[in-house]
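# Residue-level structural notes
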Amino acid sequence: MKNANLYINCALATMTAGTKPYGLIEDGAFVTGEERILWVGARANIPKEYESLEGQSLGGRVVTPALIDCHTHLVFGGNRAGEFALRAGGASYAEIARAGGGILSTVKATRAASEDELIGQALPRLDALIAEGVAVIEIKSGYGLTIESEIKMLKIARKLGDLRGVKIVTTWLAAHAVAPEYKGCADAYIDEVVIAGLERAHGLGLVDAVDGFCETIGFSPSQMERVFKKAKVLGLPVKLHAEQLSDQKGAVLAAKYGALSADHLEYFGAADAAHLAKAGTVSVLLPGAFYTLKETRLPPIDALRAAGVDMAVATDCNPGSSPLSSLLMAMNMAGHCFGLTPEESLIGTTRAAALALGLGGEYGIITKGARAELAVWNINHPCELAYWMGGSPLERRITARSITP
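Reading guide: rules and limits
- Residues numbered from 1 in each chain as written.
- Predicted model: local features only at pLDDT ≥ 70, side-chain atom pairs only at ≥ 80, totals over all residues.
- Heavy atoms only, no water.
- Salt bridge = Lys/Arg side-chain N within 4 Å of Asp/Glu carboxyl O.
- Helix = DSSP H or I, 4+ residues; strand = E, 2+ residues; numbered from the N terminus.
- Buried < 20%, exposed > 50% of the residue type's maximum accessible area, 1.4 Å probe, protein only.
- Pairing = 2+ DSSP bridges.
- Axes fitted to C-alpha atoms, helices over the stretch in contact; angles between N-to-C directions.

### Things to note about the pattern of salt bridges
On inspection of all chains with the given rule, the structure shows 20 salt bridges. For E199, the salt bridge is made with K230, and the minimal N-O distance between the two is 2.8 Å. Of the two residues, E199 sits in helix α6 (residues 186-203) while K230 sits in helix α7 (residues 221-234), which places them 31 residues apart along the sequence. Among the residues examined, E199 registers a relative accessible area of 38% and is labelled partly exposed. Between E225 and K256 there is a salt bridge, and its shortest N-O distance comes to 2.9 Å. Of the two residues, E225 sits in helix α7 while K256 sits in helix α8 (residues 250-256), which places them 31 residues apart along the sequence. A single network of salt bridges, built from pairs that share partners, joins E138, K140 and D211.

### Side note on the sheet that holds strand β10 (residues 261-264)
Hydrogen bonds between backbone groups are what pair the strands of a sheet, and the pairing can be parallel or antiparallel. Taken together, 8 strands build an open sheet; the order of strands is β5-β6-β7-β8-β9-β10-β11-β12 and the sheet is parallel. At either end of the open sheet lies a strand with only one pairing partner, and these are β5 (67-69) and β12 (311-313). Taken pair by pair, the neighbouring strands of this sheet meet at an average axis angle of 25°, ignoring direction. Judged from the 3 bridges that link them, β10 and strand β11 (residues 282-285) form a sheet pairing that is parallel. Counterpart to D263 in the pairing with β11 is V284.

Structure below.
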């Protein structure tokens, strides 16, 4: 059969919902076409139409969907190692931000960097993720805070995908902080940069979703609602940095607008989990930020589980609160910091992460019709992906040819 490939001799962690952990098929096989998975099942049940194909043995290795990092700030200038030292001395993230550090210090470095410099700085972070089997990465703007520089960030993000043959999802995050030129004028910034820039970026085809930082040092729920209303008019999905440092009920607002995800949630009220469940909004857990900021308030994991809210896990790769470019480490940390099981951590970087990006059914599962984006691992069981700390057991990626450079 033309353009079809049969793979055999593997343990398939399909990550499809069901009664069997990991959706595991012990002695599995699968067939891929140019872009899609054509068949998945036990090796003993290969359909007659594929029996003539020469099976490529995967040596008994574990195969999972390619991983998905559904929350990153991968494009930025410089770093904030100095702030890391300040926090080690007892300063809080909010105190540093109010003193002119935090996001605004990265804004200054990002504005000063050329496009080539930003690409050069981002590529090692991107390559680190790819080396761990990641094939889908969300990249936010948010370190330019002018229309031109925010658009530049999204263009760079798309170019990174072209350079490395991975799928990049771009998110408009101009509502990350108030630009220094608009100090004390947050409402004007929302109107003149966030909303006006969103209209322009959308017109250029650069926006896949709209995000914001709803926090006491960010934007209020009422300000974010104005942004969400514009996103709705434009037909764009929304998501939100919510309840990271305090309970502003941002996640409830996100659910009201049918958000793809509400992210962080350390101060999220357990009673509000029902709002996320009803809206189908994914909770994105970011243990890198929890760890870096030495946070002690845990997201209400038990309440999210009980309500049936999907839980994704991501790196939140950024220079300030989560200088983390290892999704496998984020999975390990999700277990140690938040109490997720190894299976929940892998669901969080596959099936649930796909839902958090509006890609459910396309990525994050191994099933007929899904994208042929998979990872082959030198491990004996999928639980090992959340077990090891450091290094990558990736053997190879199996990649949809249509997005391979």
